[in-house]
Amino acid sequence: MKIHEYQAKELFRTFGIPVPRGSAVFSASEGRAAAEGLGTLPVVVKAQIHAGGRGKGGGVKLAHSLDEAEKLASEMLGMTLVTHQTGPQGRVVKKLLVEEGLNIARELYLGIVPDRATASLVVMASEAGGMDIEEVAARTPEKIIKQRIRPMEGLQPFNARALAYELNLEPEVLKQFVGLVAKLCDFFIRRDCSLLEINPLVITGDKQLIALDAKINFDDNALFRHKDLLAYRDLDEEDPLEVEASRYNLNYIKLDGNIGNMVNGAGLAMATMDIIKLAGAEPANFLDVGGGASAEMVENGFRIILSDQNVKGVLINIFGGILRCDVLASGVVEAAKKVGIKVPVVIRMEGTNVDEGRRILKESGLNLFVARDVWDAAGKVAEIAGARA
């Protein structure tokens, strides 16, 4: 789950992590009031969307007066902000963060991500703060320094000092940095984060270390331990089909292709998407209905796939174990009758009650293609989708 910058900074404050003074606003008048309440100029007006690169897209601007703060807030609210992470369609800005401007002497990068290959956390830092870290990694990877942290052990003081020395920090800043990294690692572990990034982490003219930006993603699988975090979810920033799928406990991710697919089991779903690509087509989604899916879940999953206007064909690939083939067939038939089928649907299934499942599909009277095997299914759906492109 992603959250906004202003929300991330609220959480940082609870852990004693220094951030600029500021507040979220939802109208131009609130923007002016927030700037006035800070009692200092200039102030920074920041668009709040779930994407990076906001500054380059015109989503971060300085206001040198209250009138300018109100004007910028009016212009930015409702704008479609396009960045390298939003895609060409962009995101509509519905909220802003107005915060104090700082006297910035130096910018750093600091991030934490899990590394599943080594079962550790990787703390990354760089003197190239304020830049796209992906660009730094591609062009000058030597500028990114790393320390690996064992989650059960937590950050050790030498880890933070090693980072600080390579960042060439002055003594008065080094001590702050060691304490800051310790707090961030504690936050990351306690809150079950999947990503934490501060870009830039700034050193001010009076040698203070402050998180000027804040990006946090949380592990969805751990949210049952953090009920309070659910209040930070912004459905406006998520794909409507993904939001709809989450209501039925379906693991759905929208992609850019034209072949919708429904599979039971994450591994089989990944393999199915690979097979679709090998057949010369592109998957329109990832959808794992799970091993114990009910007919209702299958029905809802099928309906959500068909709601995607880009879908030109559907491939259903099921191995009947816990999810029996007859249950799948019943769910598909019910969904097809309710929403109607406007694109070809190819079904490959094997396993428990497969003969009964095929009978249900055959007697449904619907135009459904039953494939011999998974390669036959992928070939059929790619051929159909290519003809309809």
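Up top is the structure these notes are about.
Residues numbered from 1 in each chain as written. Predicted model: local features only at pLDDT ≥ 70, side-chain atom pairs only at ≥ 80, totals over all residues. Heavy atoms only, no water.

Draft legend 1. Up close: the overall build of the protein. Looking only at helices and strands, one finds 12 helices and 18 strands in the protein. In terms of its C-alpha atoms, the protein occupies a principal-axis envelope of roughly 75 × 50 × 40 Å. Residues counted as buried form 50% of the 389 residues belonging to the protein. The long-range fraction of contacts in the protein, counting pairs at least 24 apart against all pairs at least 6 apart in sequence, stands at 68%. Accessible area of the protein: about 18,200 Å², with a carbon and sulfur share of 51%. Measuring between centres, the 46 positive side-chain charges of the protein sit 2 Å from its 52 negative side-chain charges. (Helix = DSSP H or I, 4+ residues; strand = E, 2+ residues; numbered from the N terminus. Buried < 20%, exposed > 50% of the residue type's maximum accessible area, 1.4 Å probe, protein only. Contact = heavy atoms within 4.5 Å. Areas by Shrake-Rupley, 256 points an atom, 1.4 Å probe, with all protein chains shown as cover. Lys, Arg positive; Asp, Glu negative; His and termini not counted. Charge placed at Lys NZ, Arg CZ, Asp CG, Glu CD.)

Draft legend 2. Just the pairing of strand β2 (residues 43-47), in detail. The buried count for β2 comes to 5 of 5 residues, which makes it a mostly enclosed element. Covered by surrounding structure in β2 are V43, V45 and A47 together with V44 and K46, the residues of both alternating faces. Pairing analysis gives 5 bridges linking β2 to strand β6 (residues 96-100), with the strands arranged antiparallel. Bridge pairing in β6 places K46 opposite L97. (Pairing = 2+ DSSP bridges.)

Draft legend 3. Region of interest: the pattern of salt bridges. All chains considered together, the criterion is met by 31 salt bridges. Among the ionic pairs, K94 bridges to D236, the shortest N-O distance being 3.5 Å. Taken as a pair, K94 in the loop between β5 (91-92) and β6 and D236 in the loop between β12 (215-218) and α7 (240-246) lie far apart in primary sequence, 142 residues in all. Given a relative accessible area of 41%, K94 falls into the partly exposed group. (Salt bridge = Lys/Arg side-chain N within 4 Å of Asp/Glu carboxyl O.)

Draft legend 4. Representation of the packing of helix α5 (residues 157-166) against helix α6 (residues 171-190) in the model. The contact between α5 and α6 brings their axes to 9 Å, and the two run at 135 degrees. When the axes of α5 and α6 are compared, the pair comes out oblique. The two elements α5 and α6 meet at a crossing, and its hand is right-handed. Residues A160, R161, L163, A164 and Y165 of α5 lie in contact with α6, whose contacting residues are L174, F177, V178 and V181. Split into classes, the residues belonging to the contact of α5 with α6 amount to 8 nonpolar, no polar and 1 charged. (Axes fitted to C-alpha atoms, helices over the stretch in contact; angles between N-to-C directions. Parallel < 35°, antiparallel > 145°, perpendicular 65-115°, else oblique. Left-handed = near helix turned anticlockwise from the far one by under 90°. Nonpolar A, V, L, I, M, F, W, Y, C, P; charged D, E, K, R; others polar.)

Draft legend 5. Broad picture of α6. Over its 20 residues, α6 extends 29 Å from the first C-alpha to the last, a length consistent with the 28 Å expected when each residue adds 1.5 Å. Along α6, the residues classified as buried are V173, L174, F177, V178, L180, V181, L184, C185, F187 and F188. Looking one or two places after α6, you find D192, whose phi comes out positive at around 55 degrees. (Expected span 1.5 Å × (residues − 1).)

Draft legend 6. Broad picture of the sheet that holds β2. Here we have 4 strands laid out as an open sheet, ordered β1-β6-β2-β3, and antiparallel in their pairing. Only two strands of the sheet have a single partner each, and these edge strands are β1 (22-25) and β3 (60-63). Averaged over all pairs of adjacent strands, the angle between their axes in this sheet comes to 25 degrees, without regard to strand direction. Seen against the sheet, helix α1 (residues 5-14) touches β1, β2 and β6 and runs at an angle of roughly 50 degrees to β6.

Draft legend 7. A look at the nonpolar core. Judged by nonpolar contacts, the single largest core of 44 residues is most densely connected at F12 and F177. The element that contributes the greatest number of residues to this core is α6, accounting for 10 residues. For F177, the contacting residues outside a window of four places in its chain are L110, A160, L163, A164, L167, L169, L201 and L209. Core analysis: the second largest hydrophobic core is formed by 35 residues, L241, L287, V345 and V354 among them. (Core = buried A, V, L, I, M, F, W, Y, C linked by side-chain atoms within 4.5 Å.)

Draft legend 8. The arrangement of helix α10 (residues 325-339) in detail. The first and last C-alpha atoms of α10 sit 21 Å apart over 15 residues, in line with the 21 Å expected at 1.5 Å per residue. For α10, the set of buried residues is C325, D326, V327, L328, A329, G331, V332, V333, A335 and A336. The inward-facing, buried residues of α10 contact β14 (259-263), α9 (295-307), β16 (313-320), β17 (345-351) and α11 (354-362). Of the residues trailing α10, G340 is marked for its positive phi of about 80 degrees.

Draft legend 9. Layout of the environment of R116. By the element assignment, R116 lies in the loop between β7 (104-115) and β8 (120-126). Residues R116 and L66 lie 50 residues apart in sequence; the distance between their C-alpha atoms is 48 Å.

Draft legend 10. Just the layout of surface pockets, in detail. Approximately 1,400 Å³ is the volume found for the largest pocket. Along the wall of the largest pocket there are 31 residues; nearest its centre are D220, E238, E242, Y252 and I253. If you list the elements that add at least two residues to the lining of the largest pocket, you get α7 and β13 (251-254). Here the lining of the largest pocket gets 4 residues from one element, more than from any other, and that element is β13. (1 Å grid on protein atoms, 1.4 Å probe; cavity = no way out; pocket = protein on both sides within 12 Å on 5 of 7 lines; lining within 4 Å. Points joined across faces, edges and corners; volume = space filled by probe spheres on them.)

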